[in-house]
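An overview of the molecular structure
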Amino acid sequence: MKVEVRLFATFRHGREKKQFMELHDGVTVREIINILDINEEEVAILLINGRDGTLDKGLVDGDVVSLFPPVGGG
């Protein structure tokens, strides 16, 4: 199955902003962030197909995962 992973802000450092991944059925977001070498504590916002998601949510073919680190500002 194919999943699109969109990375934002500092998660793009050293990575493409969009990752197209061929993975096994039912892969979780936690598995994807481990593959991408992202610390799960650094994930502040996680969306699956534009809606709030969880690290343990099983994905299906065609899902789009968006990962955001904490965003600071002043």
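One structure accompanies this document, and this report is about it. All values derive from a computational prediction rather than experimental measurement. (Residues numbered from 1 in each chain as written. Predicted model: local features only at pLDDT ≥ 70, side-chain atom pairs only at ≥ 80, totals over all residues. Heavy atoms only, no water.)

Focus: the overall build of the chain
For the chain, the helix and strand inventory stands at one helix and five strands. For 74 residues, the compact-globule estimate of 2.2 N^0.38 gives 11 Å, and the C-alpha radius of gyration of the chain, at 12 Å, lies within 12% of that figure. The principal-axis extents of the C-alpha atoms in the chain amount to approximately 40 × 25 × 20 Å. Scored against the burial criterion, the 74 residues of the chain give a buried share of 38%. Taking the contacts inside the chain whose residues are at least 6 apart along the sequence as the reference set, 52% of them involve residues at least 24 apart. Taken as a whole, the chain presents about 4700 Å² of accessible surface, with 49% of it coming from carbon and sulfur. The positive charge centre, built from 9 side chains, and the negative charge centre, built from 13, are 8 Å apart in the chain. (Helix = DSSP H or I, 4+ residues; strand = E, 2+ residues; numbered from the N terminus. Rg over C-alpha atoms; globule rule 2.2 N^0.38 Å. Buried < 20%, exposed > 50% of the residue type's maximum accessible area, 1.4 Å probe, protein only. Contact = heavy atoms within 4.5 Å. Areas by Shrake-Rupley, 256 points an atom, 1.4 Å probe, with all protein chains shown as cover. Lys, Arg positive; Asp, Glu negative; His and termini not counted. Charge placed at Lys NZ, Arg CZ, Asp CG, Glu CD.)

Considerations on the packing of aromatic side chains
By the definition in use, this model includes one aromatic pair. Judged by centre distance (4.1 Å) and plane angle (10°), the rings of Phe 8 and Phe 68 are stacked. With Phe 8 in the loop between strand 1 (2-7) and strand 2 (18-22) and Phe 68 in strand 5 (residues 64-68), the pair connects residues that are 60 residues apart, well separated along the chain. A relative accessible area of 25% means that Phe 8 is categorised as partly exposed. (Phe/Tyr/Trp six-rings, centres within 6.5 Å; stacked < 30°, edge-to-face > 60°.)

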